[in-house]
Amino acid sequence: MADASICSYTDKTSYQVTCTEDQGIKPGMLEKHARMELHKAAAPKKVPSKPQHKRNEKDIKISSNLVGSEEGDSQQLSCSCGEEQAKDKSKKKRLKGNLAKKDEGECGPEVDVITGKSPNKNIKAPQTQASKESLLQNNKDKGTKSGRGSRKQLFEEYMRTEDVSAGLERGELIKGVLRINPKKYKEAFVPSPDGSADIFLDGIAARNRALNGDVVVVKVLPPEQWKEVSGDINERTLANQMVPKAPDVIVEARYNEDDEVIGKMKNVCLHDKAPVTTQSVKHGSAFNISGSSSERAMQRTGKVVIIFEQKHSRAASGFLKFLPNKNFAMFSPVDHRIPRVNVPLVDCPADFVSRPGDYENVLFICRITHWPADNNFAEGRLAKTLGQAGEIEPETEGIMTEYDVDFSEFSEEVLNCLPQDLPWSIPAHELSRRRDLRKECVFTIDPATARDLDDALSCKQLSDGNFEVGVHIADVSYFVEEGSVLDQIAGKRATSVYLVQKVIPMLPRLLCEELCSLNPLTDRLTFSVIWKLSPEGKILSEWFGRTVICSCIKMSYDHAQSMIEAPDKHFSAEELPPCSTNHRIHEIKEAILNLHNIAKQLRAQRFESGALQLNQLKLSFSLDKESSMPQGCYVYQYQDSNKLVEEFMLLANMAAAHQIYRTYPELAILRRHPPPQSKMVDDLQEFCDQMGLDIDLNSSRGLHRSLNENLGNDEYAAARREVLTHMCSRAMQMASYFCTGALKDENSFHHYALNVPLYTHFTSPIRRYVDVIVHRLLAASLNCGPPLSLSLEEVHKLASHCNDRKTASKRVQELSSELFFAVFVKECGPLDSEAMVMGVLDQSFDVLVLRYGVQKRIYCNSLEGLKAVHFRKVGKRPEMTLVWEQADPSKESTQQEISIFTLLNVQLKADGAPMKYSAVLKRPSALI
């Protein structure tokens with residue numbers, strides 16, 4: 001994993017697929033205004049009506065499976081006080097389907113979205129946006145109210161902007177990002193500014209039409225309205241925290257989430273395998289649950305008084321339900337955190353009224369335009385028909401639309417900004433202004449399928465025994481002129497989005513795959529940092545400047561790894577990609593080996609100095625070239641060749657940060673990572689102590705050493721490390737871009753995971769817009785480019801926008817991976833694997849499926865043959881006893897103990913709902 005600092009590399013990993021054909025991106029831009037043309041091409045043939053596609057709360061966990069839930073509630077350290085709801089929701093899986101349930105009023109006022117306004121696509125100051133949105137919404141509500149007569153107002157009017165400002169200044173109000181629990185959509189949370197337990201928003205009314213991810217202002221309710229919860233409040237906060245599986249700030253790596261992985265984990269076995277003992281259990285045949293925590297605590301509750309800034313796209317994918325005698329249909333989102341929406345029949349397919357059953361399994365995109373204060377349902381317009389639910393492309397388009405990913409083709413106006421005379425060559429006057437490195441041994445190391453090669457390396461030994469090492473980055477800023485239409489669209493997209501089967505590029509393909517990509521045997525413009533390094537990695541000198549290179553070979557990570565593993569082997573030309581005749585293979589191999597040796601020194605020094613690396617698993621797929629369907633999946637192997645590239649990218653990013661901050665102390669755009677929240681760290685430390693784990697959470701250095709040295713060296717050490725890493729990531733905060741002029745305290749610039757004072761992103765300008773800005777700042781600081789025309793306020797807004805788009809991109813990437821894995825389970829399952837328990841609740845437990853690296857929750861009430869469940873807590877350590885019925889009624893029941901790190905056998909199998917799968921605990925062998 002890496003901080004977004006090297007997010008580009010994470011992106012590369014996401015595109016680790018066997019197929020070499022990148023599918024074109026053809027869908028057009030969605031309509032975003034009231035008048036939208038509905039695409040009917042995806043409407044199915046006339047077929048008999050099928051049962052409505054089932055979608056329940058358990059299914060809508062929005063992705064904790066593959067790379068972890070964004071809300072982070074699918075793995076918990078202890079009991080959740082809301083497990084009764086989870087039980088009910090898992091039972092609903094066997095009922096009729098969610099649309100029918102909603103129509104019967106099951107959800108009642110429990111819809112969870114916000115004011116329906118078309119998302120503002122511009123990057124605006126939050127204060128202006130809050131003022132405008134609240135004003136418009138209140139005006140709409142007043143108008144609606146007068147028209148509806150006596151309808152009861154369900155939501156409060158938003159507070160006036162001036163009152164909000166005064167309340168925030170006096171500390172009477174709290175501003176923060178709203179997180180809605182994807183499993184229990186009545187529950188929402190806003191972080192407390194002082195790092196203490198989150199403020200709990202109980203019910204839909206308390207959210208006041210705000211959607212997940214919105215920045216809201218909350219008023220804390222009086223103590224008599226606070227909520228009594230079981231166990232430690234902080235554990236509840238942890239359970240529902242919106243933390244991606246691998247907070248992009250925890251690790252700086254070429255691959256965000258995959259440092260030292262567990263391979264395929266097929267033959268692991270842990271000493272504390274779940275014991276199966278035969279003990280008499282005096283229970284009847286009915287399923288029975290006992291045990292609860294005696295600890296009680298009060299959690300602060302609050303209510304939303306204004307939506308400070310809309311972050312949610314107000315778009316959702318879902319299904320249509322016909323309502324007799326109405327001039328509108330009901331749109332039911334797949335994501336239950338979003339309310340049902342009334343959409344006009346004129347937006348629906350022409351034959352929807354006469355044949356509604358034909359569309360029961362068809363996905364649509366709806367955009368919320370308004371949510372009246374007196375209605376549980378929002379109002380909106382259909383934007384598009386996606387196609388059949390359960391198919392990869394419709395589901396993928398739905399994901400991208402919900403997260404506001406612009407996947408449209410680039411306009412003619414944008415393409416006109418590109419060089420028109422092709423094939424393009426470097427102008428002579430540009431060559432004369434650059435340092436010419438075309439005769440140097442420069443090469444790229446990337447995933448085998450990568451097409452956007454934005455970094456290259458060089459290394460040659462000097463006569464004094466030291467090394468000249470270069471990092472050469474594609475000079476994207478040469479082609480993307482500041483203020484141009486191309487620059488504007490790149491800034492709006494902010495990042496490329498890496499799906500399993502394709503890439504949604506930030507820049508037109510002519511740039512990202514050709515003119516900027518450091519393709520082999522081709523002259524390319526670069527921005528370089530060149531050091532003189534000692535064999536131990538000590539920097540003796542440093543040079544920054546614009547250069548021109550000609551890469552001699554495109555190496556894959558596997559090629560470089562083979563050289564590292566066999567340093568004495570003679571590699572033939574047939575074993576490697578095409579290579580320049582100007583450089584022998586032996587010369588390239590020596591450069592890689594020297595880089596590897598220096599990288600090991602740099603890495604050791606980083607961790608000794610206090611850097612932290614939290615290693616988490618990443619799933620990769622091999623795809624069919626024709627259909628792009630998954631043919632196989634595997635846990636990605638993070639190797640020494642990955643670490644080699646990572647170290648020099650980190651070094652370059654740190655060097656760039658110091659250079660631009662030194663020259664532009666008010667305008668530099670850097671990346672900071674705050675330390676973890678102290679209360680959560682204290683609770684986690686107590687938990688680890690009670691688990692008997694020797695984990696030092698007092699510093700990043702201590703934590704890194706604990707995870708890598710104190711968890712044993714048996715076959716299961718890596719699995720235990722993964723489980724504990726997941727727990728530790730809960731307390732971690734996210735890294736973020738910021739403008740140095742906007743933060744006055746230089747200590748707050750610090751990057752906790754790297755343990756360095758200054759850090760930025762310089763190495764991936766093809767896929768990250770922040771890097772383009774950093775390149776412009778660098779060029780200006782070196783007098784080889786014009787000054788940046790942006791003001792401090794504009795850089796601040798840009799940093800915020802890039803943070804938002806990076807978070808959305810990461811989430812889309814995770815959901816794409818989960819989508820493909822669900823298809824793989826459906827096509828190739830059931831799949832058997834060993835699993836390790838990650839968290840225990842009162843009626844369910846979370847497991848890490850070792851063979852595939854996915855995380856799943858197993859609900860006790862879904863286990864056949866289970867007679868009773870006994871949950872208990874010893875201090876903060878949750879434990880559970882499962883009581884199984886014997887196949888022979890004359891025999892006594894059998895007990896199975898479940899706790900953190902317990903090893904189990906599970907089976908992954910497809911659910912009835914498209915794109916959903918579940919993990920089922922296999923009965924102990926003693927009972928079979």
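Here the structure is a predicted model, which means the values were calculated and not measured. (Residues numbered from 1 in each chain as written. Predicted model: local features only at pLDDT ≥ 70, side-chain atom pairs only at ≥ 80, totals over all residues. Heavy atoms only, no water.)

J.: Honestly, the overall build of the protein in this entry has me stumped. Any pointers?
T.: Regarding its fold elements, the protein presents 21 helices and 36 strands. Out of the 928 residues belonging to the protein, those deemed buried represent 63%. Here the contacts in the protein between residues at least 6 apart in sequence split such that 77% fall between residues at least 24 apart. (Helix = DSSP H or I, 4+ residues; strand = E, 2+ residues; numbered from the N terminus. Buried < 20%, exposed > 50% of the residue type's maximum accessible area, 1.4 Å probe, protein only. Contact = heavy atoms within 4.5 Å.)

J.: What is the right way to read the UniProt feature "site: Important for catalytic activity" (unreviewed entry) in the protein from this model?
T.: Look at the UniProt record and you will see "site: Important for catalytic activity" (unreviewed entry) annotated at Asp454. Residue position: Asp454 is located in the loop between β17 (442-446) and β18 (455-461). Owing to a relative accessible area of 0%, Asp454 belongs among the buried residues under this scheme. (UniProt positions renumbered as here; feature names shortened; annotations may be inferred.)

J.: Which parts of the structure should I look at to understand the sheet that holds strand β5 (residues 215-220)?
T.: Hydrogen bonding along the main chain pairs the strands of a sheet, whether they run parallel or antiparallel. One open sheet accounts for three strands, arranged β1-β5-β10; its pairing is antiparallel. The open sheet has two edge strands, β1 (173-177) and β10 (302-309), and neither has a second partner. For this sheet the average axis-to-axis angle between neighbouring strands, irrespective of direction, equals 30°. With respect to the sheet, helix α5 (residues 161-170) is in contact with β1, β5 and β10, its orientation differing from that of β1 by roughly 100°. (Pairing = 2+ DSSP bridges. Axes fitted to C-alpha atoms, helices over the stretch in contact; angles between N-to-C directions.)

J.: Where do I start with the pairing of β18 in this structure?
T.: Counting buried positions along β18 gives five out of seven residues, so the element sits mostly inside the fold. Summarising the sheet, β17 and β18 pair through two bridges and their orientation is antiparallel. Counterpart to Val442 in the pairing with β18 is Ser458. In this structure, β18 lies alongside strand β19 (residues 467-474), joined through seven bridges in antiparallel fashion. Across the sheet, the residue bridging to Asp455 is Ile473, located in β19. Once β18 ends, the chain turns through five residues before running back antiparallel as β19, passing Gly465 with a positive phi of about 90°.

J.: I keep staring at helix α8 (residues 392-402) and nothing clicks. Help me out?
T.: In an α-helix, one full turn covers 3.6 residues, which means residues spaced three or four apart are oriented alike. Taking burial as the measure, the eleven residues of α8 include ten buried ones, the bulk of the element. Considered for burial, the residues of α8 that qualify are Ile392, Pro394, Glu395, Thr396, Glu397, Gly398, Ile399, Met400, Thr401 and Glu402. Asp404 sits one or two residues past α8 and shows a positive phi near 60°.

J.: Just to check I follow, could you spell out a negative patch on the surface for this structure?
T.: Residues Asp682, Glu686, Asp689, Asp694 and Asp696 make up a contiguous surface patch of negative charge. Structurally, Asp689 is set in helix α17 (residues 678-690). (Patch = residues over 30% accessible without salt bridge, like charges linked within 9 Å, V, L, I, M, F, W, Y side chains within 5 Å. Areas by Shrake-Rupley, 256 points an atom, 1.4 Å probe, with all protein chains shown as cover. Salt bridge = Lys/Arg side-chain N within 4 Å of Asp/Glu carboxyl O. Lys, Arg positive; Asp, Glu negative; His and termini not counted. Charge placed at Lys NZ, Arg CZ, Asp CG, Glu CD.)

J.: Quick question: what am I supposed to make of helix α16 (residues 640-663) here?
T.: Over its 24 residues, α16 runs 35 Å from end to end, which matches the ideal 34 Å to within 8%, given 1.5 Å per residue. Of all 24 residues that make up α16, 20 are buried, and the element is covered over most of its length. (Expected span 1.5 Å × (residues − 1).)

J.: What am I meant to see in the packing of aromatic side chains here?
T.: This structure, assessed with the given rule, holds 17 aromatic pairs. The interplanar angle of 85° and the centroid separation of 6.3 Å between the aromatic rings of Phe527 and Phe762 together place this pair among those described as edge-to-face. Taken together, the positions of Phe527 in strand β22 (residues 523-533) and Phe762 in the loop between β28 (736-739) and α20 (769-781) put the pair 235 residues apart, joining distant regions of the chain. Note on Phe527: relative accessible area 0%, which makes it buried. Phe762 gets classed as buried once you look at its relative accessible area, which sits at 0%. Each ring, one from Phe738 and one from Phe749, has its centre 5.0 Å from the other, and the planes form 50°; the classification is tilted. (Phe/Tyr/Trp six-rings, centres within 6.5 Å; stacked < 30°, edge-to-face > 60°.)

J.: What is the right way to read the packing of helix α18 (residues 700-709) against helix α19 (residues 717-731) from this model?
T.: Helix-helix packing is described using two parameters, namely the angle between the two axes and the distance between the axes. Look at α18 against α19: their axes get within 10 Å of each other, and the N-to-C directions meet at 155°. On the basis of the axis angle, α18 is roughly antiparallel to α19. For the pair α18 and α19, the crossing hand works out as right-handed. Packed against α18, whose contacting residues are Leu703, Leu707 and Asn708, the element α19 presents Arg721, Leu724, Thr725 and Cys728 at the interface. Along the lines of polarity and charge, the residues of the contact of α18 with α19 split into four nonpolar, two polar and one charged. (Parallel < 35°, antiparallel > 145°, perpendicular 65-115°, else oblique. Left-handed = near helix turned anticlockwise from the far one by under 90°. Nonpolar A, V, L, I, M, F, W, Y, C, P; charged D, E, K, R; others polar.)

J.: What is the right way to look at the nonpolar core in this model?
T.: In globular proteins that are soluble, nonpolar side chains generally tend to be buried together. Counting 104 residues, the largest nonpolar core has Phe443, Leu457, Phe648 and Phe762 as the members making the most contacts within it. Beyond its immediate stretch of four places on either side in the chain, Leu457 contacts Cys441, Val442, Phe443, Ile445, Gly470, Val471, His472, Leu595, Leu644, Val645, Phe648 and Met649. If you look at the next biggest cluster of nonpolar residues, it comprises 82 residues, including Leu619, Phe821, Leu831 and Val869. (Core = buried A, V, L, I, M, F, W, Y, C linked by side-chain atoms within 4.5 Å.)

J.: Explain the pattern of salt bridges here, please?
T.: For side chains of opposite charge, pairing can occur when their charged atoms come near one another. Within the structure shown, the criterion is met by 44 salt bridges. Here the salt bridges do not stand alone but share partners, grouping Glu430, Arg433, Arg434, Asp475 and Arg546 into one network.

J.: Just checking my understanding: could you explain the confidence of the model for the protein for this structure?
T.: Regions with low pLDDT carry predicted coordinates that are not meant to be interpreted in detail. Here the protein averages 80 in pLDDT, while 76% of its residues score no lower than 70. This stretch, residues 144-149, has a pLDDT under 50; its non-local contacts, to residues over four places away or in other chains, come to eight contacts. (pLDDT = per-residue confidence, 0-100.)

J.: Would you mind going over the environment of Glu440 with me for this structure?
T.: One can find Glu440 in the loop between β16 (435-436) and β17. Residue class for Glu440 comes out partly exposed when judged on its relative accessible area of 27%. Between the C-alpha atoms of Glu440 and Cys459, which are 19 residues apart in sequence, the distance is 9.0 Å. Side chain to side chain, Glu440 and Lys460 meet in a polar contact 3.3 Å long. (Polar contact = N/O pair within 3.5 Å; in protein donor to acceptor, adjacent residues only side chain to side chain.)

J.: Would you mind showing me how to read the sheet that holds strand β13 (residues 341-344) here?
T.: The five strands are arranged β11-β12-β13-β15-β14 in a closed barrel whose pairing can be described as mixed. Each strand axis lies, on average, 50° off the axis of its neighbour in the sheet, ignoring direction. The sheet contact formed by strand β14 (residues 362-370) and strand β15 (residues 378-388) spans eight bridges and is antiparallel. Each residue of the ladder has a partner; that of Leu363, found in β15, is Gly387. Each of β11 (315-321), β14 and β15 touches α8; the most contacted strand, β15, lies at about 150° to it.

J.: How do you make sense of the environment of Ile504 when you look at a structure like this?
T.: Counting through the fold element by element, Ile504 comes out in strand β21 (residues 503-504). Considering only alpha carbons, one finds Ile504 and Arg493, eleven residues apart in sequence, at a separation of 9.6 Å.

J.: What is the right way to look at the packing of α8 against helix α21 (residues 792-828) in this model?
T.: At a closest axis distance of 10 Å, the pairing of α8 and α21 adopts a crossing angle of 160°. Taken as axis vectors, α8 and α21 run roughly antiparallel relative to one another. The two elements α8 and α21 meet at a crossing, and its hand is right-handed. Listed contacts from α21 to Ile392, Glu395, Thr396, Ile399 and Met400 of α8 are Val812, Leu815, Leu819, Phe820 and Val823. Class assignment for the residues of the contact of α8 with α21 results in eight nonpolar, one polar and one charged.

J.: Where do I start with the state of the cysteines in this structure?
T.: Two cysteines form a disulfide when their sulfur atoms are joined by a covalent bond. Under the counting rule described, the total for this entry stands at zero disulfides. Of all cysteine sulfurs in the structure, the one in Cys516 sits closest to Cys512, which takes part in no disulfide; the separation is 8.2 Å. Judged by its relative accessible area of 5%, Cys512 is buried. (Disulfide = S-S within 2.5 Å.)

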